[in-house]
Every structure is written in C-alpha cells, then in structure tokens.
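# Structural description and commentary
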Amino acid sequence: MREEEALNQVGPRMKASNTGSLARRMMLIAAGWIFILLLVGGLALDRTLTGLISRNFDEQLGYMLTGMIGSAEIGPDGEVFFIRPLGDQRFLEPNSGLYWQIRAKGHEDFPSRSLWDRTLNVPADHFDAQPHVYDSDQFAGEPLRVMERSIILPGSDSKWMFTVAASRADLNEQLKMVRGILVYSFVALGFGLLLMAGMQTWYGLFPLRHVRRAIQKLRTTGASRVTQPLPQEVQPLVEELNALLAHTERQAEEARTHAGNLAHALKTPLTVVMNAATAKAPDLSDTVIREAAVMRRQVDHHLARARAVGRRAVGQSRAELWPSLEAVLRAVERLYDQARLDLDGNREAVVALEKQDLEEILGNLIENAAKYGGGSVFVTVDTDRDAPLCEVWIEDDGMGIPEAERIRIFDRGARLDTGKPGTGLGLAIVRDVVEIYGGTVELDESEDLGGLLVKLKLPRVIG
C-alpha cells in the first residue's frame, strides 16, 4: 500500500506539462477577430443605413418646404397666403404628425390646420438662407424633425421663416426595425462563423490525432518509423520525429558496440590474470599490475569514446587541427626516435571535434604509421579546402595492408601483425569515434611512399 501511495504521489509530478490547447487558442483568436470585425462592420453598416433613412426623411421634408415656398405669395394686406393648396392631406388633419408654419416679425403666424391650437416654437429673429434641419422636443410625447428656411418674398420686406415639422415616430420605427434586423443578422452570422471556425479547427487539427496514433503504434508494435502520409504542415514534425528515432537507434547501436569493445578489451587481461592465479605463478603480482594497467587504459579509452558521443550531441565542438597534429607528432617522435615525421598543408583548418578526441584519433593513426611503417611518416592536412569535410592524409613507407584486409582491419580485435604489442582496438575505436562526429576513415595505398595511406575526413567548422 505504501508503494502504491508513493507511485500515486510521484505520478502527477511525472505528467508532462503543457502550454494549453491549440484548439482553444485558435478558437479564441477566431472569436476575437469575429467579434471585432462584426462589431466594426455592424457599426459601419448601422451608420450607413440609418444615415440613408434619415437623409431620405429629410429629403421628404425638403420637398414639402420647397412646395410651400413655391406656393407662397404676399396678399394686398401684406400677409402671406398660398396660391394653391399643399398636396399632403395630413396638413389638414389635426395632430396628424405633419405640420407647417410661416412666421415673420410684425405679422401673425400662418400655421397649418394640423397644428390646431399649438404653435411651432421657431424664432423669427434669425435668417437661414439654406434649409436648417434639427430635432425638437417642444411637443410633449411627440419628438419632431424640423426643417426651416428664411425667405424674402416679392412685394414684402419682411424675413419670412418657413418651417416644416414631422413626427419622428415613423423615422424612429424604421431605424429600430433596421437595427433589429442588423443585430439579429450579425448575431446569427457570428454564431455561424464561430461554428465554421470550430469545424475548421477540428478538421485542421485532426491530422495531429493521426500523429498521436502513429506514435502510440511505435510504442505498442515496435515500429521504427512513422510512415503514414500526413499533411505537409505536419510532415516536418514527423521527419524530425523519425530523425530522433534514427538517432536513438544509432545511439543504442553505438552503446552496444561500445559495450562489445569494452568487453573484448577486458576479456584478454582478465583471462591472463585468472590463468596466472590458477597456476599460482610466482610473478602473479606483476601480472595483475600489468594487466590492470591494460584494463585501466581500455576503460579510460572507452570512457573517452562515451564522452565523444555526449559532446557530439551538444554540437559545439571545435578544435584547431594543426596544433593538435604538432603535439601528436612530438609525442610519437619521443616514442619512435628512429622515425622521420613530416607535416604539410593548411595551417588554418578547424574541425568540429573535441580536442581530446581529435588528438586521440591522430595519435592512434600516426603511432600505427610509425610502429608498422618503414621509418617515414608523411602527414598532409586539408588536401581539398573547398570540400565539406577536412581531409587528412597519413602515409608511411611500410608494407601496407592488402586490399582484401582493409575493411576487416577495422573490426574489434583484428590484427595483421601479431608480433608487435597491441590490443587490436586502435583502428576500431578510431573508426567509431570518427563516425560519431560524422566523419570517415579509409585505407588506401600511398603512391609516394609505397606503404599505407589513411584518408581521414573530419567535419569542417564553417565560419
């Protein structure tokens, strides 16, 4: 029970955190833009339609005002009158909602019959050369739309104020109806757009479910790649996933190879120690010390290889090739003082390896050339500076290696000259470490010295 409780406590902590739902983000963005666009569009359309209706209402008032002015004349008594009746019958119906009035200073008001006992409050002490429109609340419960204009009629010196007023009830009703239609239409449009955005989000993100099922298939069936066709927007993710799987497989294979190398390297010293111990050899202590040193060297070597894998994963390795070669040549010269070592080529070459790994690779190859060669070793750096890989040639004047054996020599424990000390792991580890960094190593015949030519290609640092 305690173990289950501990697992239940640890479980939530192991759950991967997330940054929220993509579908929710997309819907929020869509809803925000739909709201903003519908709001702006609705306000613009409302102003346009209400402006059109209001202008049409004002134009009707203008037609009536123009008709009044065209029908008005001054009588013998100096008062204004109409030479013909106005066409709209509502001017004759009391409180009909349509009114007119003519006023001038020093004259009695000339109102329409529809005003009955009311009067339009229009000051006559100002002059409006053009029609002037405004809203008025002078009649209780009946808001008005008023248009007025000042005219000096022939035969009179007075400034006559012609006024037409109409109830805003019809105008307000039309505006209310239009706005109601706009609100209902835009609400329905908004819900429709949100529904469409939801369907688009669901359909657009549906391929991610295929990716999820494909990854689940990898885990449950042991498949090594995602091969299901997916949209091109998701394909880069799948390619990176497949690359990660390939990288993981490669690392697992490297780990197996590394374990085999280490086991092979330790097997012989352990056998020697066990045989000496079983036989109760008199030099048992010396044998243990000697073989322990060999095992320690092998362990250090393989740990260095493991570090190379880790450093390769970081991708920030950088080493200058020429100084490393000079350091290795000085060390080999001290070991093989009879050998003649020469170095030539590009002094500025920089490769994408850790310095320690680079010197270990070069040390193995140059030491082999000095050990198994005839006494001359020639190293050429960067034979083709335009190539993507920096190439290093290591040549000797020894017996070389037969072409049929040039591939096998890279196997763990393979040795052609068993008369000289060695574990048979040098070239195998060189190949493994070089390939870890993305380089290659090949064996060929030296045209100049006649011995072995090692073509080492290492990734170049660009920039």
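Scroll up for the structure.
Residues numbered from 1 in each chain as written. Predicted model: local features only at pLDDT ≥ 70, side-chain atom pairs only at ≥ 80, totals over all residues. Heavy atoms only, no water.

### Section: helix α3 (residues 169-221)
Structurally, the α-helix is built with 3.6 residues per turn, so residues lying three or four positions apart point the same way. Counted at 1.5 Å a residue, the expected span for α3 with its 53 residues is 78 Å, and the 76 Å between its end C-alpha atoms agrees. A bend of about 30° at F206 is the largest found in α3, and the proline P207 appears one to four places after it. Three or more residues of α3 are buried, namely L171, L175, V178, L182, G190, A197, T201, L205, P207, V211, A214 and L218. Taken together, the buried residues of α3 touch α2 (22-71) and α4 (235-278). (Helix = DSSP H or I, 4+ residues; strand = E, 2+ residues; numbered from the N terminus. Expected span 1.5 Å × (residues − 1). Bend = angle between axes of the 7 residues up to and from the residue. Buried < 20%, exposed > 50% of the residue type's maximum accessible area, 1.4 Å probe, protein only. Contact = heavy atoms within 4.5 Å.)

### What about the side chain of E142?
In this structure, E142 sits in the loop between β5 (132-136) and β6 (144-151). Residue E142 is classed as buried on the basis of its relative accessible area of 14%. At a separation of 2.9 Å, a polar atom in the side chain of E142 contacts the side chain of Y99. Not counting residues within four places of it along the chain, the set of residues in contact with E142 comprises G97, Y99, R118 and S167. (Polar contact = N/O pair within 3.5 Å; in protein donor to acceptor, adjacent residues only side chain to side chain.)

### Observations regarding the sheet that holds strand β3 (residues 98-103)
On the basis of which strands lie adjacent, the open sheet formed by five strands has the order β4-β3-β7-β6-β5 and antiparallel pairing. Edge positions in the open sheet fall to β4 (110-111) and β5, since each of these has one partner strand only. Each of β3, β5, β6 and β7 (160-167) is contacted by α2, which is oriented at about 145° to β7, the strand it contacts most. (Pairing = 2+ DSSP bridges. Axes fitted to C-alpha atoms, helices over the stretch in contact; angles between N-to-C directions.)

### Some details on the pattern of salt bridges
In a structure, side chains of opposite charge can pair up when their charged atoms sit close to one another. Evaluated as defined, the whole model comprises 11 salt bridges. For R145, the salt bridge identified is with D135, shortest N-O distance 2.9 Å. One end of the pair, R145, is in strand β6; the other, D135, is in strand β5, and 10 residues separate them in sequence. R145 gets classed as buried once you look at its relative accessible area, which sits at 14%. Residues joined in a network through salt bridges with shared partners are D58, D135, R145 and R168. (Salt bridge = Lys/Arg side-chain N within 4 Å of Asp/Glu carboxyl O.)

### Looking at the pairing of β7
Among the eight residues in β7, eight count as buried, and that is most of the element. Alternating residues of β7 divide into W160, F162, V164 and A166 and M161, T163, A165 and S167, and every residue in both groups is buried. Note: β3 against β7, six bridges, orientation antiparallel. Paired with W100 across the bridge in β7 is V164. Summarising the sheet, β6 and β7 pair through eight bridges and their orientation is antiparallel. Of the residues in β7, the one forming a bridge with S150 is M161.

### Remarks on the packing of aromatic side chains
This structure, assessed with the given rule, holds five aromatic pairs. Pairing F82 with W100 gives two aromatic rings, centres 4.9 Å apart and planes at 65°, and the pair type is edge-to-face. One end of the pair, F82, is in strand β2 (residues 80-82); the other, W100, is in strand β3, with 18 residues separating them in the sequence. Measuring from ring centre to ring centre gives 5.4 Å for W202 and F206, while their planes differ by 50°; the resulting arrangement is tilted. One end of the pair is W202 and the other is F206, both in helix α3 and four residues apart, which spans about a single turn. (Phe/Tyr/Trp six-rings, centres within 6.5 Å; stacked < 30°, edge-to-face > 60°.)

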